[in-house]
Every structure is written in structure tokens, then in C-alpha cells.
Amino acid sequence: MYAPAPHGPLRQVLSGIASLGKGLWITLAYMFRRPITVQYPEQRVDLPLRFRGRLVMPIDPEKGTSRCTACMRCVRVCPNHSIDIEKAIDPGGSPISRPAKYRYNLGTCMFCNLCVEVCPFFALVMSDEHELATTDRSGLALDLVAEKHHLIGKKASWWQRKFRGPDSVE
Ligand code: SF4
Ligand code: SF4
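About the cut-offs
- Residues numbered from 1 in each chain as written.
- Chains lettered and ligands numbered in written order.
- Predicted model: local features only at pLDDT ≥ 70, side-chain atom pairs only at ≥ 80, totals over all residues.
- Heavy atoms only, no water.
- Helix = DSSP H or I, 4+ residues; strand = E, 2+ residues; numbered from the N terminus.
- Buried < 20%, exposed > 50% of the residue type's maximum accessible area, 1.4 Å probe, protein only.
- Contact = heavy atoms within 4.5 Å.
- Areas by Shrake-Rupley, 256 points an atom, 1.4 Å probe, with all protein chains shown as cover.
- Pairing = 2+ DSSP bridges.
- Axes fitted to C-alpha atoms, helices over the stretch in contact; angles between N-to-C directions.
- Near = heavy atom within 4 Å.
- Nonpolar A, V, L, I, M, F, W, Y, C, P; charged D, E, K, R; others polar.
- Core = buried A, V, L, I, M, F, W, Y, C linked by side-chain atoms within 4.5 Å.

What follows deals with the overall build of the protein. Scanning the protein from terminus to terminus reveals five helices and five strands. Reading the protein from its N end, one meets helices and strands in the order α-β-α-β-β-α-β-β-α-α. Taken along its principal axes, the extent of the C-alpha atoms in the protein is 95 × 45 × 35 Å. Split into buried and exposed, the 170 residues of the protein put 26% on the buried side. Sequence-distant contacts, at least 24 apart, represent 67% of the contacts inside the protein between residues at least 6 apart. Roughly 12400 Å² of accessible area belongs to the protein as shown, and the carbon and sulfur atoms make up 58% of that amount.

What follows is the structure, encoded as C-alpha cells:
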């Protein structure tokens, strides 16, 4: 059977000093490197385009409305049942291809992006909004139609290029 060789007290002390020196050397080396952390929230980094904050249904600037046709695919794919859609009704009382309400439960959403991926009309985007803590649960039940969200900046161009083509947006 294997038994480790016993170390004398002097060897243990020397090993401890070597280990301490190694730790201090690594600390010293990191002191002269550029920091990779920022002083959040005073300092903020640019979020990547694919960052997944909470869901929004942006207004398409060309159409002046959202791109949603109330096809229900996002409702069916959501593993947490966080989406519920009420279709709009025409004057004759028949449902039309537009949502009257798009209920999104931020409290149960796990930011998986499946609803965005399944949407054939690019009607949904996971926004950059990530400071979402609240003490009021009712603030987590959102109607994305009523919000009329206007996506801006780099994320807006990135989103519009998906359905207008790569050369369509600056
Ligand atoms: S991101 Fe995932 S959990 Fe959240 S609403 Fe979309 S499909 Fe549901
Ligand atoms: S968001 Fe997209 S997938 Fe969901 S109902 Fe509207 S068009 Fe269909």
C-alpha cells in the first residue's frame, strides 16, 4: 500500500514560505495588469448585441406598429408559460392577425430566448434592460403591445437588419 513519505518540520516550514511567496508573486503580477472589472453601477460596459435582458416587442419604424401577427408560436414554445396573447377583433367580431394584448410575465421568464428564435416575423427582441428587481409583483406583469417600445442604438440596427437585409440600415 502507498504511504506518503513523512516530512520533517523544517521542510514543512520551507514549503509554507515557498507557497506564500508564490501567492504574493501572483498578486504582484496582477497589480500591474489592466483591470477587467468595472465599478458598477457608476461605470458600465457596452453590452453585446446578443445580451438577453427582458423581452420587448419593438415598433417597426417603417410600419409604425409592432411586427406581431398573433400567430401564437411564442406562446406554444415558452417552457414557463410566460406569454399569453389576446387577439385583436375586427368590427365584425372576428379575430384578426394582430395582438390586442401581449401579456408577458417577467417574474417567470428565464430569458431562454426561445420565443425570439421561433418568431417568424422578428417581432420580439431581448432588450438590454437588466436592472429589473422590484418589490411590487404587479410590476412584473407587462403588456408588450401597450408599451409601444422603441428600440434605439446599435441593437435597433442589428434587429432591423434581420428582416431588411444587411445593407438596409446604417
Ligand atoms: S425568454 Fe424563454 S421563458 Fe422568457 S418568455 Fe421567452 S420563451 Fe418564455
Ligand atoms: S411575437 Fe412572433 S411568434 Fe409570437 S405571436 Fe407574434 S408573430 Fe407569432
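Attention shifts here to the pairing of strand β2 (residues 83–89). Relative to strand β3 (residues 95–105), β2 is paired through six bridges, and the arrangement is antiparallel. Bridging across to β3, Asp84 finds its partner in Arg103. Counting the residues between successive antiparallel strands, the hairpin from β2 to β3 contains five residues, one of them, Gly93, with a positive phi of roughly 90°.

Here we have three strands laid out as an open sheet, ordered β2-β3-β5, and antiparallel in their pairing. Of all strands in the sheet, those bounded by a partner on one side alone are β2 and β5 (141–143). Adjacent strand axes in the sheet meet at a mean angle of 30°, parallel and antiparallel pairs treated alike. Of the pairings in the sheet, the one linking β3 to β5 comprises three bridges and is antiparallel in character. Residue pairing for β5: Arg103 is matched across the bridge by Asp143.

Topologically, Ala123 is positioned in the loop between α3 (114–118) and β4 (125–126). Judged by relative accessible area, Ala123 falls into the buried class, the value being 1%. Other than its neighbours up to four places away in sequence, Ala123 contacts Val56, Met57, Pro58, Arg67 and Cys68.

So, on to the site of ligand 2. Ligand 2 sits among 13 residues. The nearest are Cys68, Cys71, Met72, Cys74 and Cys119. Its residues placed into classes, the shell around ligand 2 shows 11 nonpolar, one polar and one charged.

So, about the site of ligand 1. Near ligand 1 you find Cys78, Pro79, Ser82, Ile83, Tyr104, Cys109, Met110, Phe111, Cys112, Asn113, Cys115 and Met126, and these make up its full shell. The class makeup of the residues in the shell around ligand 1 is 10 nonpolar, two polar and no charged.

Our next topic: the nonpolar core. Counting residues in each nonpolar core, the largest one holds 21 residues, and the members touching the most others are Leu55, Ile83, Tyr102, Leu124 and Leu144. At the level of elements, β2, β3 and α3 are the ones that each hand at least two residues to this core. Counting residues in each nonpolar core, the second largest holds six residues, with Val56, Val125, Ala156 and Trp159 among its members.

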